[in-house]
Amino acid sequence: MTLLECQDLLIGYDHPIMDTIQLSIEEGSYTVIAGENGSGKSTLLKTILGIIRPISGTVNYLPQGRQNIGYVPQQADLLPDFPATVREVVQSGALNYMKYNLLMNRSIKNELKDVLERMELTHIANHSVHRLSGGQKQRMLIARALMASRTFLVLDEPTNGIDPMGRSRIYRLLDTLHKDGVTILMISHDIDTAYSYATQIIELSDGGLIVKEGLKR
């Protein structure tokens, strides 16, 4: 089943930065977007998410729409002195389900517990965000996205600025999520590592887009 489809899409700001895009993301896929700095990776991702409006064309979300996506931004988008605990940040991903009710129901509480365990955050759930390492912050952001959607994650360079051990841990956890049925769409500069996990690769170069089959079967 197709979860996301770009039709005759032109992306950019005042003028297009790429040729017209035709692209689909299938349920259960693990798609990596790669390309040189300035090739349009983040612009493409943010257009898909609706953060940037397309110049023309459409992005169709099927079957449940954009709300079915859990988004993991770059760490730079999170203030280092953000006054909250890991648990509070992760819990905030479920605001749409909580309907802004401060009292969580039992199912949300159980889901929060499960997500913290899956992202190996239980032991630091009560730590303040400013105490975390880069890898811990990224796992927290992934956990927050999982609270928003357990089926489709979109990640913007989730291993950027993280030490090798932390990067390996994140890829291992993402691989486990994918094996459990989560669809993944991510930007990555870790070409060799990311490609080994991907079922589909989107390469951006010279204003064009090439879709290739990944190494993962």
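As shown above, the structure is provided for reference.
Residues numbered from 1 in each chain as written. Predicted model: local features only at pLDDT ≥ 70, side-chain atom pairs only at ≥ 80, totals over all residues. Heavy atoms only, no water.

Engineer: Please give an account of unusual backbone geometry that cites residues and values.
Structural biologist: Of note in this structure, Asp-8 is not a glycine but carries a positive phi near 50°. Tracing the backbone through its elements, the reader meets Asp-8 in strand β1 (residues 2-10). Within the chain, Glu-157 stands out as a residue other than glycine whose phi angle is a positive 50°. Among the structural elements, Glu-157 can be located in the loop between β6 (152-156) and α6 (164-179). On the basis of relative accessibility, which here comes to 12%, the residue Glu-157 falls in the buried class. (Helix = DSSP H or I, 4+ residues; strand = E, 2+ residues; numbered from the N terminus. Buried < 20%, exposed > 50% of the residue type's maximum accessible area, 1.4 Å probe, protein only.)

Engineer: How would you explain the environment of His-130 if you had to name every residue and give the values?
Structural biologist: On the secondary structure map, His-130 appears in the loop between α4 (106-118) and α5 (134-148). Each C-alpha atom, one on His-130 and one on Ala-84, is 8.5 Å from the other, the two residues being 46 residues apart in sequence.

Engineer: With reference to specific residues and values, describe the sheet that holds β1.
Structural biologist: Taken together, three strands build an open sheet; the order of strands is β2-β1-β4 and the sheet is antiparallel. Either end of the sheet is taken by a strand with one partner, and the two such strands are β2 (21-26) and β4 (56-61). The average angle at which neighbouring strand axes cross in this sheet is 5°, direction not considered. Pairing between β1 and β4: five bridges, direction antiparallel. Each bridged residue has a counterpart across the sheet, and for Cys-6 the counterpart in β4 is Val-59. Across the sheet, helix α1 (residues 41-49) touches β1, β2 and β4, and the angle it forms with β4 is around 60°. (Pairing = 2+ DSSP bridges. Axes fitted to C-alpha atoms, helices over the stretch in contact; angles between N-to-C directions. Contact = heavy atoms within 4.5 Å.)

Engineer: Describe the pattern of salt bridges, listing the residues and the values that go with them.
Structural biologist: If you walk through the whole model with that rule in mind, you get eight salt bridges. A salt bridge links Asp-114 to Arg-150; its shortest N-O distance comes to 2.7 Å. Linking Asp-114 in helix α4 with Arg-150 in the loop between α5 and β6, this pair joins segments that are 36 residues apart in sequence. The class of Asp-114 is partly exposed, set by a relative accessible area of 28%. (Salt bridge = Lys/Arg side-chain N within 4 Å of Asp/Glu carboxyl O.)

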